[in-house]
Amino acid sequence: MKKNGFIVKLPEDIDALSQDEEYCFVFNNGDKRKIRFHDYHEIYKIPGLYEHIFYDRLKCISHKVVTSSLMEELENSQDTVYDLSVIELGAGNGLVGEALKKKGVDSIIGVDIIEEAKDAVSRDRPDVYNEYYIKDFCNLTEQSRNEFESKNLNCLVCVAALGFGDIPPYAFANAFNLISDGGWIAFNIKADFIKDSDSTGFSKLINYIIEKGQLEVVANDSYCHRFSVNGKSLEYVAIIGKKHANIPLAMV
């Protein structure tokens, strides 16, 4: 299928490929390349490729599910969309930020760890974020922490970025702790990563912060994040909650 000057071909007869091993072949300007789906730095370099693979071909809906669920819970509260000061962790090329903007959010800070993500936002969605940072939240300096805290953030959004090593639990905890008490937490995660058999550390972290009252869950919805290259449904959970206290980083 040709799109924006490139052609994407998905592998055929793939049954045992895990989600973080998925790939496609991209034909672009006479060049054929095999690109893993988690090699975002390569995907973002080609305008429209991310959207074509994940949204057009594999029918990803997480940007709609998480942002719509957040808006529904806002309507059930005393807060409004205009009160939100959002930090989006793992902002990528701005699709989620764009969805938030369309729903009326005025203040959005984007954060990612790869420069290509920021370059893609500047190229494709330059008006979405108030600011966009390239930061490693596993190694957040005191100066960076103070800078983020000065912005009075009251909402953390993180979509399709947890559980595969892209954003480890420690990075998520650091971002969580930047949100003011009473603020909103909105994220999704693969259902397997909140089961007892999980090895990523997220099941332990999420269960801990709920049990200790640091996160009050107000919505918890299971849904199909997208389809795999072999047509199977990838089940995720969208979680919306209110933050009540910081996560002790020593336990992460």
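Residues numbered from 1 in each chain as written. Predicted model: local features only at pLDDT ≥ 70, side-chain atom pairs only at ≥ 80, totals over all residues. Heavy atoms only, no water.

Asks: Quick question: what am I supposed to make of the nonpolar core here?
Replies: Where a protein is soluble and globular, its nonpolar side chains tend to be buried together. Grouped together as the largest cluster of nonpolar side chains are 48 residues, with contacts concentrated most on Leu 49, Ile 53, Phe 54, Leu 70, Leu 84, Leu 100 and Val 157. Tallying contributions element by element places helix H2 (residues 49-57) first for this core, with five residues. In this structure, Leu 153, Ile 167, Ala 191 and Ile 247 belong to the second largest nonpolar core, which totals 35 residues. (Core = buried A, V, L, I, M, F, W, Y, C linked by side-chain atoms within 4.5 Å. Buried < 20%, exposed > 50% of the residue type's maximum accessible area, 1.4 Å probe, protein only. Helix = DSSP H or I, 4+ residues; strand = E, 2+ residues; numbered from the N terminus.)

Asks: Mind showing me how you'd approach the sheet that holds strand E10 (residues 215-227) here?
Replies: Think of a sheet as strands paired side by side through backbone hydrogen bonds, with each pair either parallel or antiparallel. With mixed pairing, seven strands are arranged side by side in an open sheet as E7-E6-E5-E8-E9-E11-E10. Unpaired on one side and paired on the other, strand E7 (131-134) and E10 mark the two borders of the sheet. Averaged over neighbouring strand pairs, the angle between their axes works out to 20 degrees when direction is ignored. Both strand E8 (residues 155-158) and strand E9 (residues 184-190) contribute to a ladder of four bridges, which runs parallel. Among the inter-strand pairings, Leu 156 is bridged to a residue of E9, identified as Ile 185. (Pairing = 2+ DSSP bridges. Axes fitted to C-alpha atoms, helices over the stretch in contact; angles between N-to-C directions.)

Asks: What is the right way to look at the state of the cysteines in this model?
Replies: Linking two cysteines covalently via their sulfur atoms produces the bond known as a disulfide. This structure, assessed with the given rule, holds zero disulfides. With no disulfide of its own, Cys 155 lies 11 Å from the sulfur of Cys 158, the closest cysteine sulfur. Residue Cys 155 is classed as buried on the basis of its relative accessible area, which comes to 0%. (Disulfide = S-S within 2.5 Å.)

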